[in-house]
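# Inside the fold
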Amino acid sequence: MGFRMGIVGLPNVGKSTLFNALTRTAAAQAANFPFCTIEPNVGDVAVPDPRLDTLAAIAKSKQVIPTRMTFVDIAGLVKGASKGEGLGNQFLANIREVDAIAHVLRCFEDPDVTHVDGRVDPVADAETIETELIIADMESLEKRLQNIVRKVRGGDKEAVQQERLMKAALAVLEEGKPARVVEVADEDRKAWRMMQLLTAKPVLYVCNVDEADAAEGNALSAKVGEMAASQGNAHVVISAKIEEEISQLAPDEAAEFLTELGLSEAGLDRLIKAGYELLGLQTYFTVGPKEARAWTIRKGTLAPAAAGVIHGDFERGFIRAETIAYDDYLACKGEAGARDAGKLRAEGKTYEVKDGDVLHFLFNT
Ligand SMILES: Nc1ncnc2c1ncn2[C@@H]1O[C@H](COP(=O)(O)OP(=O)(O)OP(=O)(O)O)[C@@H](O)[C@H]1O
Ligand SMILES: [Mg+2]
């Protein structure tokens, strides 16, 4: 399936540094000049989940396989991007293809690192980017509205629905607000997503702070926090530079370094979890002596579709899912114990999989 989170922001704010830290590579060139990145860098990242290790320990699984999500490091956007400034439209197209946005804001001072607008002001930066995305959405909607005029006149049902949604989006965009504030009815959700509006994508602010502020944040990240809260969006405080260094260390060295910095958890783990949450995702597990594995589904996914994430045949031939809740698996010390205690449930096609479920699928081939 592959859920994709796009790393977006002004040039030279630390997007590629963050991407390298997340993917534990130096795949993306990160350097102190604007527009260092042009082609997007794409990388897979393991989603940290301590429950998986706990399950593997109980089942004595030989292999532990976390679930993954994708991060895309996108080129920096500048004022006028929607009009083709910088490398404008091409970058906007890269953003269109992601499911959610991690918006990196420079909250570090360092006079040696160039700021494209010559001052460090993350709230103003956030507005600059948002304005570009709003303008880009308006332009694409105006074009698309013209394209469907005929169909709407002809009474084409789909086109009528699209027109209604496009007009609702335009109304808020014209007020300078992002399309994500539009309340979308369940029956419109699919058509809404198909419009791929940039400002309809869920967003998470990433405050990139100095090394010294990694634990507590600073005045700038606090301002971003206020802005995010007023919009109902999440924010994460992280020092991309220090995270990049930590990501190169062996696990025990990394733990030691984190303690020195006063951090209980790598900022990256917090960011990945926040992104996972933002995407509306949850995890189920398959656990046995061979492997313990985490799988990603959207919240609300029914058992057959959840099985389909492993293999299409599992979904097509779905019979039932033997299900043990995570807490029961722990309390009963594994599958056999859970079975004896009557905690192994047989769930059918209409079962909505819960976060943490340990599942075993039975299917016809
Ligand atoms: N938290 C931080 N503190 C100090 N310097 C940082 C921090 N994060 C990143 N930098 C530095 O900022 C510079 C720009 O970083 P990077 O190349 O990652 O930016 P970018 O957003 O990907 O830029 P572009 O849009 O041009 O691709 C680099 O020199 C990097 O080391
Ligand atoms: Mg870059």
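To be clear, the structure that these remarks concern was listed above.
Counting of residues starts from 1 at the beginning of each chain's written sequence and follows it residue by residue. Whichever chain is written first becomes A and whichever ligand is written first becomes 1, with later ones labelled in order. The predicted origin of the model limits local features to residues at a pLDDT of at least 70 and limits the giving and counting of side-chain atom pairs to 80 or more, whereas totals for whole chains, interfaces and linings rest on all residues. Hydrogens and waters are ignored; side-chain quantities use all the structure's heavy atoms.

Attention shifts here to the packing of helix α1 (residues 15-23) against helix α8 (residues 240-247). A fitted line through C-alpha atoms serves as each axis, taken over the contacting stretch for helices, and the angle formed by two N-to-C directions is quoted from 0 to 180°. In this text, helices come from DSSP runs of H or I with a minimum length of four residues, and strands from runs of E with a minimum of two, each type numbered from the N-terminal end. The interhelical angle for the contact between α1 and α8, taken along N-to-C directions, is 25°, at an axis separation of 8 Å. In this view, α1 runs roughly parallel relative to α8, as classed from their interaxial angle. The way α1 lies across α8 gives a crossing that is left-handed. Residues Thr17, Leu18, Asn20 and Ala21 of α1 form the contact with α8, whose own contacting residues are Ala240, Lys241, Glu243, Glu244 and Ser247. Looking at the contact of α1 with α8 residue by residue, the class counts come to three nonpolar, three polar and three charged. Angle categories are assigned with fixed cut-offs, so that under 35 degrees is roughly parallel, over 145 is roughly antiparallel, 65 to 115 is roughly perpendicular, and the rest are oblique. Each crossing gets its hand from how the near helix is turned against the far one by less than a right angle, where anticlockwise is left-handed and clockwise is right-handed. By definition in these notes, contact holds between two residues if any of their heavy atoms fall within 4.5 Å. Here the nonpolar group is Ala, Val, Leu, Ile, Met, Phe, Trp, Tyr, Cys and Pro; Asp, Glu, Lys and Arg are the charged ones; every other residue, Gly included, is treated as polar.

Only buried residues count toward a nonpolar core. Its members are Ala, Val, Leu, Ile, Met, Phe, Trp, Tyr and Cys residues joined through side-chain atoms within 4.5 Å. For the exposure calls, accessible area comes from a 1.4 Å probe over protein chains only, and a residue counts as buried if that area is under 20% of its type's maximum, exposed if over 50%, partly exposed in between. Leu18, Leu22, Phe71 and Ile95 are the most contacted members of the largest nonpolar core, which totals 43 residues. Phe71 has contacts with Met5, Ile7, Phe19, Leu22, Asn41, Val42, Gly43, Val45 and Ile272, leaving out every residue within four places of it along the chain. Counting 21 residues, the second-largest nonpolar core is a separate cluster that includes Ile134, Ile148, Ala169 and Ala191.

The next subject is empty space enclosed by the protein. Here a cavity is any set of points on a 1 Å grid over the protein atoms alone where a 1.4 Å probe fits but cannot get out, and a pocket is any open set with protein on both sides within 12 Å along at least 5 of 7 lines; a residue lines the site when it has an atom within 4 Å of a point. Grid points are joined across faces, edges and corners, and a volume is the space filled by probe spheres set on the points. Per the counting criterion, the structure on display carries one cavity of 30 Å³ or more. By volume, the largest cavity amounts to about 50 Å³. Of all the elements in the fold, those that place two or more residues in the lining of the largest cavity are β5 (100-107) and α4 (122-153). The residue makeup of the lining of the largest cavity, split by class, is five nonpolar, one polar and two charged.

Of the voids in this model, the largest pocket is the one considered here, and its volume is about 860 Å³. Along the wall of the largest pocket there are 29 residues; nearest its centre are Trp192, Arg193, Ala200, Lys201 and Pro202. Among the elements that make up the lining of the largest pocket, the one with the highest residue count is helix α6 (residues 189-194) (four residues). Residue composition of the lining of the largest pocket, grouped by class: 14 nonpolar, five polar and ten charged. Of the voids in this model, the second largest pocket is the one considered here, and its volume is about 550 Å³. Those elements that provide at least two residues to the lining of the second largest pocket are α1, β6 (203-209) and α8. The element contributing the most residues to the lining of the second largest pocket is α8, with five residues. Looking at side-chain class alone, the lining of the second largest pocket contains twelve nonpolar, ten polar and seven charged residues.

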